[in-house]
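The primary structure of each chain is shown beneath.
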Amino acid sequence: MNPSPPHFTGGPPVCRPATDSGRRWTFGFPGGLLAEVHTRGARLHELWAPDRYGNMADVVLAPRDPVQSMTAARYFGATVGRYANRIANGRFTLDGKLHQLTTQDGGHCLHGGAEGFDTRIWEAESVHTPERTGVLLHLRSLDGDQGFPGNLDVTVSYLIDRNNELSISYAAVTDAATVVNLTNHAYFNLEGEGAGDIFDHELAVDAAHYTPVGEDLIPIGNPRPVSGTAFDLRRPLRIAEAVARPDGRPTQALGGYDHNFVLSPHGNDVLRRAAVLHAPASGRRMEVLTTEPGLQVYTAGHFDGTVVGKGGAPYRAGAGLALETQHFPNSPNRPGDPSPVLRPDDEYRSRTVLRFTAQG
């Protein structure tokens with residue numbers, strides 16, 4: 001693991017060149033959260049948080065080799081879009097017109113397509129007041145980008161306040177009807193990146209239903225109740241315990257979770273709790289609050305050591321946990337799901353807050 005956070009004494013965000021041809025912004029408050037965001041992919045590259053004794057650790061996974069941010073680790077910490085998660089066969093119909101998107105392995109469109117927002121260099125500017133500090137990033141996605149209709153102007157901001165909260169806010173406008181679903185794809189290990197796996201972390205998810213999926217992770221049928229299943233995380237459970245339950249075959253086949261949870265309640269723009277992640281050894285606790293209707297919980301079951309982390313440790317299965325606040329997978333093709341359609345007279349807005357504390 002990285003032994004100590006980068007030297008930063010506070011003040012306005014600091015911008016420096018990054019090794020991936022973009023820029024990197026460092027910001028935070030002394031003794032509290034400290035972040036580094038890269039303009040390639042509007043990517044959360046580092047997030048340092050104190051434990052119960054005030055010791056700092058970087059709790060976000062990222063590759064040591066920046067080239068892997070464009071290959072095996074392309075989604076690590078990135079802002080993914082224009083549509084996060086999967087769209088079946090890369091096709092959807094909107095206002096009677098069929099749109100064909102770029103597709104990846106499996107023949108589906110994942111996280112915005114072959115050259116999604118994670119591959120772009122975003123424009124950025126600093127935001128700084130006595131109570132909050134961070135960076136605002138902007139991207140223009142042209143009509144037809146990866147097959148999506150409409151020119152889309154997108155902003156995402158990362159702001160840290162003095163209460164150890166990282167707020168990630170998204171906004172978008174379009175000049176033609178389109179679909180939008182943005183999220184951050186950070187992998188967290190609250191003991192510190194490279195510190196083994198997250199299966200001893202405790203996880204709670206405020207969801208009474210989940211979305212069942214087939215082997216290709218495309219939703220099948222309607223959301224199902226979590227009661228009596230391996231998806232019942234309404235009380236905190238060790239992730240290893242939750243996955244190993246006798247009724248956990250859907251998760252065990254994937255090496256853990258890679259499922260959408262239907263947050264309770266949903267259907268409005270109110271910021272509410274989605275999940276709580278706790279690392280007992282360090283005491284770090286991360287509460288996830290969001291305005292989104294869904295949460296994709298992914299325990300990184302496919303990690304095989306190909307990606308070597310910032311601190312030199314290979315990332316193997318369960319090295320981190322992604323908690324992706326979002327609309328539901330394949331919802332452009334599922335009329336019963338919350339609609340991801342954005343029209344010219346509307347504005348897309350979404351907000352997620354990561355609230356850090358440390359328990360004694």
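For the structure itself, consult the block above.
A brief report on the enclosed structure follows.

**So, the sheet that holds strand E21 (residues 237-238)**
Right, so step 1: Taken together, the nine strands give an open sheet; going across it, the order is E11-E12-E13-E14-E30-E24-E23-E18-E21, and neighbouring strands pair in antiparallel fashion. Each edge of the sheet is formed by a strand with only one pairing partner; in this case those strands are strand E11 (123-128) and E21.

**Structural notes on the nonpolar core**
Right, so step 1: Tyr158, Leu203 and Val205 are the most contacted members of the largest nonpolar core, which has 62 residues in total.
Right, so step 2: By size, the runner-up hydrophobic cluster in this structure holds 11 residues, among which are Ala73, Tyr187, Ala319 and Ala322.

**Regarding the pairing of strand E14 (residues 165-174)**
Right, so step 1: Burial analysis of E14 places eight of its 10 residues in the buried class, the great majority of the element.
Right, so step 2: As defined by bridge partners, strand E13 (residues 152-161) adjoins E14 across nine bridges and the pair is classed as antiparallel. By the bridge assignment for E14, Thr155 is matched with Ala171.
Right, so step 3: Here E13 folds back onto E14, and the loop between the two strands holds three residues, one of which, Asn164, carries a positive phi near 60 degrees.
Right, so step 4: Here eight bridges tie E14 to strand E30 (residues 348-358), and the two strands are oriented antiparallel to one another. Looking across to E30, one finds that Leu166 is bridged to Leu354.

**Comments concerning the sheet that holds strand E25 (residues 294-298)**
Right, so step 1: The strand order E17-E28-E25-E22-E19-E20 describes an open sheet built from six strands, whose pairing is antiparallel. Two strands in the sheet have a free side with no partner beyond their single neighbour: strand E17 (187-188) and strand E20 (224-225).
Right, so step 2: In this sheet, E20 lies alongside strand E19 (residues 207-210) in antiparallel orientation, the contact comprising two bridges. Bridge pairing in E20 links His209 to Pro225.

**Here we look at the pairing of strand E24 (residues 284-290)**
Right, so step 1: With respect to burial, E24 is a largely interior element, seven of its seven residues being buried.
Right, so step 2: Neither face of E24 is left uncovered, since the one carrying Arg284, Met286, Val288 and Thr290 and the one carrying Arg285, Glu287 and Leu289 both have all their residues buried.
Right, so step 3: The pairing of strand E23 (residues 272-278) with E24 spans six bridges and is classified as antiparallel. Note that in E24 the partner of Val276 across the bridge is Glu287.
Right, so step 4: Hairpin remark: E23 followed by E24, antiparallel, with five residues in the connecting loop; positive phi at Gly283, about 85 degrees.
Right, so step 5: One ladder, built from seven bridges, connects E24 with E30; its direction is antiparallel. Residue pairing in the sheet places Glu287 in a bridge with Arg355 of E30.

Rules used throughout
Residues numbered from 1 in each chain as written. Predicted model: local features only at pLDDT ≥ 70, side-chain atom pairs only at ≥ 80, totals over all residues. Heavy atoms only, no water. Pairing = 2+ DSSP bridges. Helix = DSSP H or I, 4+ residues; strand = E, 2+ residues; numbered from the N terminus. Core = buried A, V, L, I, M, F, W, Y, C linked by side-chain atoms within 4.5 Å. Buried < 20%, exposed > 50% of the residue type's maximum accessible area, 1.4 Å probe, protein only.

Purely geometric stuff here, so don't read any function into it on its own.
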